[in-house]
Amino acid sequence: MRRFLLHIVFGVAVGVVLFLFRESLAPSLSISSPERIGMVGRFTSDSLPLVIQEKLSTGITKLGPDGAAAAGISSSWESKEDGRVWTFTIDPNLRWQDNSVITSKDIRYSFPDTRVIYPDTQKIEFHLKDPYTAFPILVSRPIFKKGLLGNRNWKVKKINFDGQLIRELLIEDKETLEQEFYRFYESEQNLRLAFKLGEVDKIFEISNAKEFFDWKNIKIDQVLKEQRFVGIFLNNDDPRLSDKSFRQALAYAIDKNSFGQNRALSSVSPLSWAYNPLVKEYEYNPTRAKELFNQIKREQQPKTIMIATIPSLLDVAEVVAKGWREVFGIEVVIQVAAGIPENFQALLATQEIPPDPDQYSMWHSTQKETNITHYNSPRVDKLLEDGRRTLDIEGRRRIYIDFQRFLVEELPVIFLYHPITYTISRK
């Protein structure tokens, strides 16, 4: 009987202590369920969203707020042969999540026309075919050991596949034991439905949240994406759009302030060290638009324009079409497409802006697959080539300031705005 009495007394004492100190002990005693987060996209182990990759690991470098490269797993780097050879020194104090030391031979980036040399366990050299001064940006992508083993606090706990595609992913902070559970969906429509059905507790960065504005007990966070722009890409090979004056007329005929978003002025982010805020803005000016349109010979004036776009931008396309119809009196047809059509006249789309101002792949005339507007400007070609060879940061800035000025003047794309994304979570 005495033994049972001692157990009772001890239990009461523990209960009193837990009650008195419940607030300070709660974080260590409570085990909460992982936050269930829904995202749009189809991803493999090699193509997880960057926001998840950066929780798990680091690249040789990492990006600063202005898009410049800073030290990642490398403590320093240097360039030789005018930007053809790049040598990175790995920080010897860094370890993988299995506690093994990170060595140069753990790094497995693959770039075309690039030879990789490992002088020792802490150095890695990249020998490029041509000079490329933005190379440190390329190696900012997080690196992993086998099995998505990274070098940061968050680590993969569980992963479920559907064939080669990741369907679900559970990650955990090894220090706080906080967990996040991700589910991936093919479209925003499917993701919104999953939220309504209770499959997820949070929707991460969708473009349209109107249907949730009146919901109670939810939180909606808005994020301005200055590393993206919404614009109208104009096919320069199309006879009706090959005339620069007509492209400018189209730009003047759009009331860009009507979208209620932050204006985008060029293809370089306002956050970038190379941004040029002094480019032509093409403020809404229907009179100027008509003047430019009337400079085209009557028999060559377009009678119809087709805009291709995705469903989430359909409202924007309608605004653009209405403006063009009213100013020019032409027919405007809107085509809804799942992706980039092989042949288009005008394409309304959202474009991710590279962190470095080098946009050779987007605008250089030799880039047949990625220069979707078929833009061809010897002057811009030369600037893009020089920007890749110039090591001096001020020299590069001057080059890309001119690049933006000429690109906006010739207008292969009409810049509209930087989009806002919405993250929705239950309170």
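What counts and what doesn't
- Residues numbered from 1 in each chain as written.
- Predicted model: local features only at pLDDT ≥ 70, side-chain atom pairs only at ≥ 80, totals over all residues.
- Heavy atoms only, no water.
- Pairing = 2+ DSSP bridges.
- Helix = DSSP H or I, 4+ residues; strand = E, 2+ residues; numbered from the N terminus.
- Contact = heavy atoms within 4.5 Å.
- Axes fitted to C-alpha atoms, helices over the stretch in contact; angles between N-to-C directions.
- Polar contact = N/O pair within 3.5 Å; in protein donor to acceptor, adjacent residues only side chain to side chain.
- 1 Å grid on protein atoms, 1.4 Å probe; cavity = no way out; pocket = protein on both sides within 12 Å on 5 of 7 lines; lining within 4 Å.
- Points joined across faces, edges and corners; volume = space filled by probe spheres on them.
- Buried < 20%, exposed > 50% of the residue type's maximum accessible area, 1.4 Å probe, protein only.
- Arc of directions from axis to C-beta.

1. Overview of the sheet that holds strand 13 (residues 228-234)
Part 1 of the argument: Spatially, the six strands line up as an open sheet ordered 14-18-13-17-15-16, and their pairing is mixed. With partners counted over all chains shown, the strands left at the sheet margins are strand 14 (262-263) and strand 16 (331-336), one partner each.
Part 2 of the argument: Sheet analysis places strand 13 next to strand 18 (residues 413-418), joined by four bridges and oriented antiparallel. If you follow Phe 233 over to strand 18, its bridge partner there is Val 413.
Part 3 of the argument: Strands strand 13, strand 15 (304-309), strand 16, strand 17 (346-352) and strand 18 of the sheet are contacted by helix 8 (residues 314-328), whose axis makes an angle of about 165° with strand 16.

2. A few points about the side chain of Thr 309
Part 1 of the argument: Here Thr 309 lies in strand 15.
Part 2 of the argument: A polar side-chain atom of Thr 309 sits 3.0 Å from the main-chain carbonyl oxygen of Leu 348.
Part 3 of the argument: The contacts of Thr 309, once residues within four sequence positions are left out, are Leu 314, Ala 317, Ile 334, Gln 335, Val 336, Ala 337 and Leu 348.

3. What about the sheet that holds strand 5 (residues 85-90)?
Part 1 of the argument: Taken together, four strands build an open sheet; the order of strands is 4-5-7-6 and the sheet is antiparallel. Every interior strand has two partners, whereas the edge strands, strand 4 (74-80) and strand 6 (114-120), have only one. Within the sheet, the average angular offset between the axes of one strand and its neighbour, ignoring direction, is 20°.
Part 2 of the argument: Judged from the six bridges that link them, strand 4 and strand 5 form a sheet pairing that is antiparallel. Note that in strand 5 the partner of Trp 77 across the bridge is Phe 88.

4. A look at the layout of surface pockets
Part 1 of the argument: In this structure, the second largest pocket encloses a volume near 450 Å³.
Part 2 of the argument: When residues of the lining of the second largest pocket are traced back to their parent elements, those giving at least two are helix 4 (135-138) and helix 10 (378-389).
Part 3 of the argument: At three residues, the largest contribution of residues to the lining of the second largest pocket is made by helix 10.

5. Description of the environment of Pro 136
Part 1 of the argument: With respect to the helices, strands and loops of the structure, Pro 136 is situated in helix 4.
Part 2 of the argument: Along the primary structure Pro 136 and Lys 62 are separated by 74 residues, whereas in three dimensions their C-alpha atoms are 8.7 Å apart.
Part 3 of the argument: Not counting residues up to four positions away in its chain, the partners in contact with Pro 136 are Thr 61, Ala 69, Trp 77, Trp 86 and Phe 88.

6. Notes on helix 5 (residues 188-196)
Part 1 of the argument: Considered for burial, the residues of helix 5 that qualify are Glu 188, Leu 191, Arg 192, Ala 194 and Phe 195. Down the axis of helix 5, the buried side of the element spans an arc of 155°, and every buried residue falls inside it.
Part 2 of the argument: Packing partners of the buried residues in helix 5 comprise strand 1 (35-40), strand 10 (179-185), strand 11 (202-206), strand 12 (218-224) and strand 19 (420-426).
Part 3 of the argument: Where helix 5 terminates, the next one or two residues include Gly 198, which has phi positive at roughly 85°.

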